[in-house]
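# Geometric and topological summary
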Amino acid sequence: MGSFQGLREFVRNLPKGKALITFIATFIVVCTISILCYRLTLEVIDAGQWVGHTHRVLSEIHESISAVREMEGAQRGYIITGVDEFAHSYELAKEKVRMHIRNLKSSVMDVTVKEQQLPELERLIEARIDRAQEVLETRKDDGFSAAEKQIAQNIGARMTNEIKSTLDRMEDHETELLAARYEKLTQSTEVTISALAILGALATTLLCLSFYSTNLYIMERRRSEEETSRYAAELAISKARLDAILASMGDGLYQIDIQGRIVFINPACEAITGYSQSELLGRNLRDLIADRRQEETGSHSVIIDPNPSRGLFSVIENGGTFESIDQNFIGKDGRLVPVHYVSSPLERDGVVVGAVVTFRDVTMRKEAEKRVAEFYSTVSHELRSPLTSIRGALGLMEGGRAGEMPARAMRLVGIAKEECDRLIRLINDILDIRKIEVGKLSLFLKKGKLDEIIAATVDGIKPMAAEARVKFKLNYVDPELSVFCDRDRIIQVLNNLIGNAVKFSSEDQIVTLSASEVQREVEGEKRTFARVEVKDCGPGIAEDERDKLFNLFQQVDSSDSRPKGGTGLGLAISKALVEQHNGRIGFDSIVGEGGGSTFWFELEVYELKKDLKEKVAKLAARFTEELPERIEYLLDCLKNYETSCEESREKNLDGVGELAASKLAEARTVAHKLSGSAGSYGLAEVGNIMLSIEKKLEALMEAFDPRVVSELKRDLEQLVLVGKKGF
Amino acid sequence: MSLSRILLVDDDDNIRTIAELSLEDDFQVDIASSGQEAIDIAMVRPPDLILLDVMMPGLDGKATFGKFKEIPSLAAIPVVFMTAKVLTHEIDFYLELGAAGVISKPFDPMTLAEEVQTIWAHSRV
């Protein structure tokens, strides 16, 4: 196991990339060189051995020649002297000659020498020995003269010459071989030396390269290790920072997995919910979201949401973020914590693995909002009540109910009344703004015809215009042009715009009103809007005033410094109202006398029965769902009727039981209703079958007919099939 | 005078729902699920037009129509029958009876309002 680990460690530490390639190349080259050198050296050794061998053969040949000479010398000495010592020497020399010939036989490798010359030589030597033996025998037995005669025949000398010449031929042959082998040895040695030099140089180069790339690799590795450790350090710092943020942030945080189980929380979460970390981890966040929430439109009503976690978890499936300001989380001991939360999906490698939910305990804010709302309600009531009285009293005084008043007093009363009206408007505006700000201004949306809305507004504002001596010009408005709006609120917007136009117009100037259809692209979709324009011929709006025109408490300075009697809230309210209708508001203005301004707003055109199709589709779906139950009912009625008929037949009674008859009538009514509604839902096939069923039930009511009953059953079966097939 | 308030009389929930949806954008719609209920509602809030289903349990369409004609304050209100039987002679029968018109069932929810409006306009001529 340990060695396996070590091997793994070694492999892991091997250089990578170019360094590895160089290393492998060097390794292969060095191996090749080693094998090559080994083989070349073997060749040199082989060639050397062959040279040595040839030398040994040559030496044997020389030894053989001298042994033959020695043998002849000893023979000659014995013949001349007759001394036995020479005979003994002869015997020794003879054996020596034989020994050298054996040596030659064993050492000679050359085929020609071995197969032709050596047997010849052996034969010659044996013949020579025989001759010498013969002469020696003659000397010994017959004396010197007889031996001399034999010698004079010169047979031995000829044999010796033949032996010598054979040995000389062999020597020549071996000398040639020696020369050839020397040459081969020299060549092999040269090749080996050259190869060693070249391969050595190559190996050295590769070793250098390998060293260089390994060095590079080591440097790179060291650098990457340094970087890794730097990243690790940065990561540690970043983690520490994140931990510190999570620990110190006032907002609570839940991290949940894809199933909704809590996998991480921060300390603020513990503080807000009252749960400890160990109590929360692993729990499903769905169980910690309360199903009751404060209804936004009504201040004190509470609504029950059957699926309160829907929005929070939608981000896991659909992406994006989800924000809620009116939900409650469940704290420890079942306590409800009102929270403002944002849920965002958590991704890893592009795949959503859960979500992060940050939330803020808004108990304090809710209480503050409640107190502010109470304050507004109190203030508006407390201010409006006395103002109404003051306004009423002033009205009565102006109307002469308090007796005759001097003209100056009447003027003062008029001023007081006007200011009183302004104050009432201001309070109403402030309350509107307040409602808009807290999102509690509810719109009662209905189809509104623009020509009527404009006419109603103009009617209301005519007295004011008459007083300012401003005239209206009402351009043609298509009576079919309608918007989906809260009529009163749009009249309020128009009132503000027309009121402003009147205020900024001089005597005898004209305020022009128009409404028309415009096409505009919204989110890539072409949609139709109704554009309402209020054009005046006033002084226009200065460039530097334009940006803040729709801000709260903004009043445009008029060139004549005439007080305009507005609250400075009208345009802000109008903007908020139009935007709440999902519309746009704006203006175009030309500065200078008679330039004038055109204030406009756009609301989406009311399309006839836009939602009706969707609603009908929903009803049709519900109808389809309930259809099997109805079919079951009809079948039941039919069975009941059949049984009753049979019973009547058995008892020989006329007609069917009362109950069965009334059931049949009921079934007919049901079929009648279903055929009517199915058709209206667009389920024509169901409608037709139902109609046929109705007719057959009617026929049965007249008289029992088993064929009609079976046809009816077929109709009902067909209906089931249609239901299964889908509509 | 324009057509603004309609009394819809039908005992079937589905028909009532879909007819109300079809009409509510254009008119104020009162709903009754039986002939008697229709008479009670009409007495309190007389409609401009009555849309009356023919086939209803208890007081059916024809009987309800008769009752309306008997009550002087309601007798002049135009009544439109809704029925699945749309044979010509049946339409004639209802018209002869004094109906302002007959709407066949199933009706098209997209055009019901216009259909009613047209019948109303004819009845005013």
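Residues numbered from 1 in each chain as written. Chains lettered and ligands numbered in written order. Predicted model: local features only at pLDDT ≥ 70, side-chain atom pairs only at ≥ 80, totals over all residues.

Across its full length, chain A holds 19 helices and 14 strands. Relative to its full complement of 727 residues, chain A shows a buried share of 26%. Contacts spanning at least 24 positions in sequence make up 64% of the contacts within chain A whose residues lie at least 6 apart. (Helix = DSSP H or I, 4+ residues; strand = E, 2+ residues; numbered from the N terminus. Buried ≥ 20, exposed ≤ 12 C-beta atoms within 10 Å, placed from the backbone. Contact = placed C-beta atoms within 7 Å.)

Attention shifts here to the overall build of chain B. When helices and strands are counted, chain B shows 5 helices and 5 strands. Traced from its N-terminal end to its C-terminal end, chain B shows the element sequence β-α-β-α-β-α-β-α-β-α. Relative to its 125 residues, chain B shows a buried fraction of 40%. In chain B, once contacts between residues fewer than 6 apart in sequence are set aside, the share between residues at least 24 apart is 54%.

Turning our eyes to something else, we now look at the sheet that holds strand 6 (residues 336-348) of chain A. All names here are of chain A. Within the open sheet, the 5 strands sit side by side as 2-1-7-6-5. Their pairing is antiparallel. Every other strand in the sheet has two partners, leaving strand 2 (262-265) and strand 5 (322-330) as the edge strands with one partner each. Strand-to-strand twist across the sheet, computed as the mean angle between neighbouring axes with direction ignored, equals 30°. Pairing of strand 6 with strand 7 (residues 351-361) involves 10 bridges; the strand directions are antiparallel. Paired with P345 across the two strands is A355, which belongs to strand 7. (Pairing = 2+ DSSP bridges. Axes fitted to C-alpha atoms, helices over the stretch in contact; angles between N-to-C directions.)

With that settled, the discussion passes to the pairing of strand 1 (residues 252-257) of chain A. Residues and elements named next belong to chain A. Direction of pairing for strand 1 relative to strand 7: antiparallel, over a ladder of 6 bridges. Residue Y254 lies in a different strand from strand 7, and its bridge partner there is V357. Here 3 bridges tie strand 1 to strand 2, and the two strands are oriented antiparallel to one another. Within the sheet, the bridge partner assigned to Q255 lies in strand 2 and is F264. Count of turn residues in the strand 1/strand 2 antiparallel hairpin: 4 residues, of which G260 carries a positive phi of about 100°.

Each packed pair of helices is defined by two parameters, the angle between the axes and the distance between the axes. All names here are of chain A. Where helix 13 (residues 487-503) meets helix 15 (residues 570-580), the closest approach of the two axes is 9 Å, and the angle between their N-to-C directions is 145°. Remark: the crossing between helix 13 and helix 15 carries left-handed chirality. From helix 13, R489, Q492, V493, N496, L497, G499 and N500 reach across to helix 15, where they touch G570, L571, I573, S574, L577 and V578. The residue makeup of the contact of helix 13 with helix 15, split by class, is 6 nonpolar, 6 polar and 1 charged. (Left-handed = near helix turned anticlockwise from the far one by under 90°. Nonpolar A, V, L, I, M, F, W, Y, C, P; charged D, E, K, R; others polar.)

In any sheet, the strands associate via hydrogen bonds between backbone groups, in a parallel or an antiparallel arrangement. All names here are of chain B. The strand order across the open sheet built from 5 strands is 2-1-3-4-5, with neighbouring strands paired in parallel fashion. With one partner strand each, in any of the chains shown, strand 2 (28-32) and strand 5 (101-104) form the two edges of the open sheet. Mean inter-strand twist for the sheet, computed between neighbouring axes without regard to direction, equals 20°. One ladder, built from 4 bridges, connects strand 3 (residues 49-53) with strand 4 (residues 79-83); its direction is parallel. Among the inter-strand pairings, I50 is bridged to a residue of strand 4, identified as V79. Contacting strand 1 (5-9), strand 2 and strand 3, helix 2 (residues 35-44) crosses the sheet at an angle of about 160° to strand 1. Contacting strand 1, strand 3 and strand 4, helix 3 (residues 61-70) runs over the sheet at an angle of about 150° to strand 3.

Residue and element names in this part refer to chain A. Between its terminal C-alpha atoms helix 6 (residues 155-248) stretches 132 Å, which fits the 140 Å expected from 94 residues at 1.5 Å a residue. Among the 94 residues of helix 6, 8 are classified as buried, and the element is accordingly described as predominantly exposed. When helix 6 is considered as a whole, its buried residues turn out to be G156, I163, T166, L167, M170, E174, R181 and S210. (Expected span 1.5 Å × (residues − 1).)

Judged by nonpolar contacts, the single largest core of 58 residues is most densely connected at B:L7, B:I50, B:L51, B:L52, B:V80 and B:F81. For this core, the element with the highest residue contribution is helix 16 (residues 612-650) of chain A, accounting for 8 residues. Here B:I50 is in contact with B:L7, B:V9, B:A38, B:F68, B:I77, B:V79 and B:V80, once residues within four sequence places are set aside. (Core = buried A, V, L, I, M, F, W, Y, C linked by C-beta atoms within 7 Å.)

Residue and element names in this part refer to chain A. When you line up the elements, V353 lands in strand 7. Residue V353 is classed as partly exposed on the basis of its C-beta count, with 15 C-beta atoms lying within 10 Å. In this structure, the C-alpha to C-alpha distance between V353 and I256, residues 97 residues apart in sequence, is 8.6 Å. Those residues in contact with V353 that sit more than four places away from it in its chain are D257, I258, L346, E347 and R348.

Quick look at the pairing of strand 13 (residues 584-589) of chain A now. Residue and element names in this part refer to chain A. Alternating positions in strand 13 separate cleanly, I585, F587 and S589 being buried on one face and R584, G586 and D588 remaining unburied on the opposite face. As judged from the 6 bridges shared by strand 13 and strand 14 (residues 597-604), these two strands associate in the antiparallel manner. Opposite R584, over in strand 14, you have E602 as the bridge partner.

All names here are of chain A. Mean pLDDT over chain A works out to 84, with 92% of the residues at or above the 70 mark. Across residues 295-301, confidence stays below pLDDT 50; counting only partners more than four residues off in sequence or on other chains, it has 9 contacts. Overall, residues 558-563 carries pLDDT values under 50, and its contacts beyond four positions in sequence, including any with other chains, amount to 4 contacts. (pLDDT = per-residue confidence, 0-100.)

The next subject is the confidence of the model for chain B. Interpretation of this model should avoid reading the predicted coordinates in detail wherever pLDDT is low. Residues and elements named next belong to chain B. Taken residue by residue, chain B gives an average pLDDT of 88. The fraction at 70 or more is 96%. Between the elements of chain B, mean pLDDT differs from a low of 82, seen in helix 4 (residues 88-97), to a high of 95, seen in strand 1. Here the prediction assigns the complex a pTM of 0.40, and the interface score ipTM is 0.77.

Moving on to the environment of A:K695. Structurally, A:K695 can be placed in helix 18 (residues 684-702). Residue classification places A:K695 among the partly exposed residues on the basis of 17 C-beta atoms within 10 Å.

Attention now goes to unusual backbone geometry. The amide bond that connects B:K105 to the next residue, B:P106, takes the cis arrangement and shows omega of 0°. Relative to the elements of secondary structure, B:P106 occurs in the loop between strand 5 and helix 5 (112-124). The phi dihedral of A:D349 falls on the positive side, at around 50°, and the residue is not glycine. Assignment of secondary structure puts A:D349 in the loop between strand 6 and strand 7.

Residues and elements named next belong to chain A. Packing of helix 3 (residues 84-107) against helix 4 (residues 111-142) brings their axes to within 11 Å, and their N-to-C directions diverge by 170°. Here helix 3 lies roughly antiparallel to helix 4, going by the angle between them. Across the interface between the two elements, A87, Y90, K94, V97, I101, L104 and K105 from helix 3 touch L118, L121, E122, I125, I129 and L136 from helix 4. By residue class, the composition of the contact of helix 3 with helix 4 is 10 nonpolar, no polar and 3 charged. (Parallel < 35°, antiparallel > 145°, perpendicular 65-115°, else oblique.)

Turning our eyes to something else, we now look at the environment of A:I289. Residue and element names in this part refer to chain A. Counting through the fold element by element, I289 comes out in the loop between helix 8 (277-280) and strand 3 (292-294). Here the alpha-carbon distance between I289 and I330, two residues 41 residues apart in the chain, equals 5.7 Å. Excluding residues that lie within four positions of it along the chain, I289 makes contacts with P308, S309, L312, Q327 and F329.

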